[in-house]
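Residues per chain are reported as follows:
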Amino acid sequence: MKRVYNFSAGPAVLPEPVLKQAASEMLDYNGYGMSVMEMSHRSKAFDQIILEAEADLRKLLNIPDNYKVLFLQGGGHLQFAMVPLNLMKNKVADFIITGEWAKKAYAEAKKYLDARKIASSEDRNFAYIPDLDDLPISPDADYVFICENNTIFGTKYNKLPDTKGKVLVSDLSSSILSEPIDVSKYGLIFAGAQKNIGPAGTTIVIIREDLISTELEPFVPTMLKYHIHAEKGSMYNTPPTYGIYICGLVFKWVLGLGGLEKMKEINEAKAKVIYDFLDSSKLFKGTVDKKDRSLMNVTFRSPSEELDAKFVKESKAAGFDNLKGHRSVGGMRASIYNAMPHEGVVALVEFMKQFEKENAL
Ligand SMILES: *Cc1c(COP(=O)(O)O)cnc(C)c1O
């Protein structure tokens, strides 16, 4: 068996102990004589899986009692529509545009309400997080939307914007569980599982109860109403059962490591290995402002597209997979999510040093 170091932005690397446990439980989960995939979502066994997953996530993020946790489907993209459909009252929402995902969320919301760009870093191809201190928040905004870790561009918010009392909605798809957050500062958080939590197909929504409205526009599809999923404990229809099971195993893995304070320490040490190298390298350069660097997605480039392509090709052959940058940025991107081992980053930097020697300018 050969496992590569997988730097994919998502679907992404999962912790090996989780994969091993899932493999060992594939034919017979816990004496039930079947795989979790084959089980009724109404069974006692699955009920325990989803309740434990929720309890463990609540423990990890210290989620206050007045927030609901929902296990949904449809990815981040469906949340770009569900958020406006469920939160609009005045039909105004403010957006901070820090990359492709925030742009997409803005464009989708525009179909339903008056979406306003209140800040943007598009002028420098999203290489930084805009100034957050005195934003022109709309007095009648139903919410303010941010994408907190910009998966494609490699930036992250190091503090939350002052929303002047308005509800904060955050897309945490690529950084949830990478470090502690204060859930009480948000009205709604969502994250597709496939970056830092589990397999594609499960989307986690954490929403403050008072924002779960039952008085929605009549055209809103039943499946897109938070209150339906909240009332039914994410079991209005068949939930993504196997994905929720794997998410649950990942939550236990993070708890076993020592929770999010510990996770943050591990992630900072990992990110430092590669950022320190980038700062000293003569060949490679980081592509974003240092103060706004992501802990999870490290973007960098060499002096030319030809050399970038050569690096991607040779790194793949050496067992470092998925280092090609997103098409909208070019260059390279190493996604170093929770499950990427420290050794993986150290080995990558060794490879980069070697490449730099061989391709000295
Ligand atoms: C990957 C990603 C998305 C899109 O997620 P899908 O699950 O593919 O819809 C949205 N936002 C962020 C920050 C992402 O990283």
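Residues numbered from 1 in each chain as written. Predicted model: local features only at pLDDT ≥ 70, side-chain atom pairs only at ≥ 80, totals over all residues. Heavy atoms only, no water.

Draft legend 1. Local environment of the overall build of the protein. Across its full length, the protein carries nine helices and 14 strands. Against the globule reference of 21 Å for 361 residues, the protein gives a C-alpha radius of gyration of 21 Å, in line with a compact fold. Summarising its shape, the C-alpha atoms of the protein cover approximately 65 × 55 × 30 Å along the three principal directions. Buried residues in the protein amount to 57% of all 361 residues. Within the protein, counting contacts between residues at least 6 apart in sequence, those at least 24 apart form 68% of the total. In the structure as shown, the protein presents an accessible area of about 15,700 Å², 52% of it carried by carbon and sulfur atoms. (Helix = DSSP H or I, 4+ residues; strand = E, 2+ residues; numbered from the N terminus. Rg over C-alpha atoms; globule rule 2.2 N^0.38 Å. Buried < 20%, exposed > 50% of the residue type's maximum accessible area, 1.4 Å probe, protein only. Contact = heavy atoms within 4.5 Å. Areas by Shrake-Rupley, 256 points an atom, 1.4 Å probe, with all protein chains shown as cover.)

Draft legend 2. Representation of empty space enclosed by the protein. Applying the stated criterion across every chain yields a total of one cavity of 30 Å³ or more. Here the largest cavity defines a volume of roughly 50 Å³. Contributing to the lining of the largest cavity are Val13, Leu14, Pro15, Leu177, Asn196, Ile197, Gly198, Val250, Trp253, Val254, Asn338 and Ala339. Along the lines of polarity and charge, the residues of the lining of the largest cavity split into nine nonpolar, three polar and no charged. (1 Å grid on protein atoms, 1.4 Å probe; cavity = no way out; pocket = protein on both sides within 12 Å on 5 of 7 lines; lining within 4 Å. Points joined across faces, edges and corners; volume = space filled by probe spheres on them. Nonpolar A, V, L, I, M, F, W, Y, C, P; charged D, E, K, R; others polar.)

Draft legend 3. Structural detail: the environment of Leu188. Residue placement: Leu188 occurs in strand β9 (residues 188-192). Residue class for Leu188 comes out buried when judged on its relative accessible area of 0%. Sequence spacing of Leu188 and Leu172 is 16 residues, and the spatial spacing of their C-alpha atoms is 10 Å. Once you skip the residues sitting within four places of it in the chain, Leu188 turns out to touch Val83, Leu87, Leu168, Val169, Ser170, Val205, Ile206, Ile207 and Tyr226.

Draft legend 4. Representation of the domain arrangement of the protein within the structure. Each assigned domain of the protein is listed here: domain 1 (16-256) and domain 2 (258-358). Look at where the C-alpha atoms of domain 1 and domain 2 centre, and you get two points 26 Å apart. Facing 28 residues of domain 1, the contacting portion of domain 2 comprises 26 residues. Both sides of the domain 1 and domain 2 interface together cover about 2,200 Å² of buried area, and 53% of this is carbon and sulfur. On inspection of domain 1 and its partner domain 2, the count reaches one salt bridge. Asp289 is the salt-bridge partner of Arg124, the closest N and O atoms lying 3.0 Å from each other. Between domain 1 and domain 2 we count 17 residue pairs in polar contact (both at pLDDT 80 or more) in total. (Domains from an automatic or database assignment. Buried area = accessible area lost by both parts, 1.4 Å probe. Salt bridge = Lys/Arg side-chain N within 4 Å of Asp/Glu carboxyl O. Polar contact = N/O pair within 3.5 Å; in protein donor to acceptor, adjacent residues only side chain to side chain.)

Draft legend 5. Representation of the layout of surface pockets within the structure. What the largest pocket holds in volume is close to 300 Å³. If you go around the largest pocket, you meet 19 residues; those closest to its centre are Glu148, Glu179, Pro180, Ile181 and Tyr186. Taken together, the residues of the lining of the largest pocket break down into eight nonpolar, four polar and seven charged.

Draft legend 6. Structural detail: the side chain of Asn297. By the element assignment, Asn297 lies in strand β12 (residues 297-301). Within the local environment of Asn297, its side chain forms a polar contact with the side chain of Tyr337, the two groups lying 3.1 Å apart. Beyond its immediate sequence surroundings of up to four residues, Asn297 is in contact with Asn149, Thr151, Gly154, Ser174, Tyr275, Arg333, Ala334, Ser335 and Tyr337.

Draft legend 7. How the structure looks around helix α6 (residues 241-257). Its 17 residues give α6 an end-to-end C-alpha distance of 25 Å, which sits within 8% of 24 Å, the value for a rise of 1.5 Å per residue. Looking one or two residues beyond α6, the residue adopting positive phi is Gly258, at roughly 125°. (Expected span 1.5 Å × (residues − 1).)

Draft legend 8. Structural view of the pattern of salt bridges. Overall, the coordinates contain 27 salt bridges when judged by the stated rule. With a shortest N-O distance of 3.9 Å, Glu314 and Lys310 are connected by a salt bridge. One end of the pair, Glu314, and the other, Lys310, are both in helix α8 (residues 305-317), four residues apart, so they sit about a helical turn from each other. Here the salt bridges do not stand alone but share partners, grouping Glu52, Asp56, Lys59 and Lys252 into one network.

Draft legend 9. Local environment of the packing of helix α7 (residues 259-280) against helix α9 (residues 342-358). Following both chains from N to C, one finds α7 and α9 inclined at 10°, their axes separated by 9 Å at the closest point. Judged on the interaxial angle alone, α9 and α7 are roughly parallel. Each of Ala269, Lys270, Val273, Ile274, Phe277 and Leu278 in α7 lies in contact with α9, whose residues at this interface are His342, Val345, Val346, Leu348, Val349, Met352, Lys353 and Glu356. Along the lines of polarity and charge, the residues of the contact of α7 with α9 split into ten nonpolar, one polar and three charged. (Axes fitted to C-alpha atoms, helices over the stretch in contact; angles between N-to-C directions. Parallel < 35°, antiparallel > 145°, perpendicular 65-115°, else oblique.)

Draft legend 10. Examining α8 more closely. A rise of 1.5 Å per residue sets the reference length of α8, with its 13 residues, at 18 Å; its end C-alpha atoms lie 19 Å apart and thus fit the reference within 8%. Residues of α8 that are buried include every one of Leu307, Asp308, Phe311, Val312 and Ser315, and no others. Each buried residue of α8 lies within a common arc of 140° when the element is viewed along its axis, so the set occupies one face. Exposed residues pointing more than 90 degrees away from the buried face of α8 are listed as Glu306, Lys313, Lys316 and Ala317. (Arc of directions from axis to C-beta.)

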